[in-house]
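Structural features, examined
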Amino acid sequence: MTPTSALPLALIQLEVPPANVVAQIGEQPRWFIDALDLQPDDYLIVRPHLGEALPDFDQISGAILSGSWAMVTDHADWSERSAAWVRAAIDHRLPLLGVCYGHQLMAYALGGVVADNPQGWERGLLPIRCTEQAQRDPLLQRLPAGFSVWLSHRQSVIAAPPHAQVLASSARDGCQIVRYSPQALSVQFHPEFSRPIMNACLPPEATEESAGLDVEGKDWARELLVSFWQQTRPAVRQAQGA
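To start, this report covers the structure provided alongside it. Because the structure is a prediction, the values reported are computed rather than measured.

Scanning the protein for helices and strands turns up seven helices and 11 strands. For 242 residues, the compact-globule estimate of 2.2 N^0.38 gives 18 Å, and the protein sits close to it at 17 Å. For the protein, buried positions account for 50% of its 242 residues. Intrachain contacts of the protein at a sequence separation of at least 6 include 74% that bridge at least 24 residues. Surface accessibility of the protein: about 11000 Å² in total, with carbon and sulfur atoms responsible for 49%. Side chains of the protein give 17 positive and 26 negative charges; the mean places of these two sets differ by 6 Å.

In structure tokens, the structure reads:
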């Protein structure tokens, strides 16, 4: 049985999708809620772009930082405030998972370099390759050396922060997974995506790029997301005898 006192997972929503995307599939937290089958007591949505305060570390079990249509290099006030919160969260050993913009924001906050991807817009269902170090990472060790992921980004982590471990890459991006601390990891791809979400996020002229595509076999990116969620809930694992 799951203890009712378990702290919620913070879903840090970083800006709002375009109106046509919202009309089709909602905003970013909904995609994570559906992917993880979260119940209302499981999560807390925080919207820094609306001026909402980022959560106190003793009030949450961990946090996911979402993707965004914004650019880290624009240095918006809400983004810089979120970056400062990330640095403090690392010091407090809070479990963190950054996704796409969240990945870039974490890398930037911790001393990495984010810029326009010199290889252009990486989008669609594409393969990534994990390093040997990834096979020893507690969150990644059950994943295969290579698997396909949903991607859509124009900027990238050009250089990871000092002392961070780059654990996966793709043909167009050398930093697909970055480990910052035992509790903090980020991914350039979207483990919360499905093909309908990918189609909704692409411009009309590009949707044919993902037409007919879908993850074959086990969705390893989703497996990573689920594993992170479980990592934030040691009380739940203990109650289940795990």
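What follows continues from the structure just given.
Our focus in this paragraph is helix 4 (residues 101-109). The buried count for helix 4 comes to eight of nine residues, which makes it a mostly enclosed element. Burial in helix 4 covers these residues: Tyr101, Gly102, His103, Gln104, Leu105, Met106, Ala107 and Ala109. Positive backbone phi, approximately 110 degrees, marks Gly111, located one or two places after helix 4.

Right, let's get into empty space enclosed by the protein. Counting across every chain of the model gives one cavity of 30 Å³ or more. Considering the residues around the largest cavity, the lining is formed by Ser148, Val149, Trp150, His190, Pro191, Phe193, Val215, Asp219 and Ala221. Considering only residue class, the lining of the largest cavity consists of six nonpolar, two polar and one charged.

It is worth spelling out the side chain of His190 at this point. Along the chain, His190 turns up in the loop between strand 11 (184-187) and helix 5 (195-201). Sequence-distant contacts of His190, defined by excluding residues within four places in its chain, comprise Gly67, Val99, Cys100, Trp150 and Ser152.

Procedures and definitions
- Residues numbered from 1 in each chain as written.
- Predicted model: local features only at pLDDT ≥ 70, side-chain atom pairs only at ≥ 80, totals over all residues.
- Heavy atoms only, no water.
- Helix = DSSP H or I, 4+ residues; strand = E, 2+ residues; numbered from the N terminus.
- Rg over C-alpha atoms; globule rule 2.2 N^0.38 Å.
- Buried < 20%, exposed > 50% of the residue type's maximum accessible area, 1.4 Å probe, protein only.
- Contact = heavy atoms within 4.5 Å.
- Areas by Shrake-Rupley, 256 points an atom, 1.4 Å probe, with all protein chains shown as cover.
- Lys, Arg positive; Asp, Glu negative; His and termini not counted.
- Charge placed at Lys NZ, Arg CZ, Asp CG, Glu CD.
- 1 Å grid on protein atoms, 1.4 Å probe; cavity = no way out; pocket = protein on both sides within 12 Å on 5 of 7 lines; lining within 4 Å.
- Points joined across faces, edges and corners; volume = space filled by probe spheres on them.
- Nonpolar A, V, L, I, M, F, W, Y, C, P; charged D, E, K, R; others polar.

Honestly, that's just the spatial picture; any functional story needs more than this.
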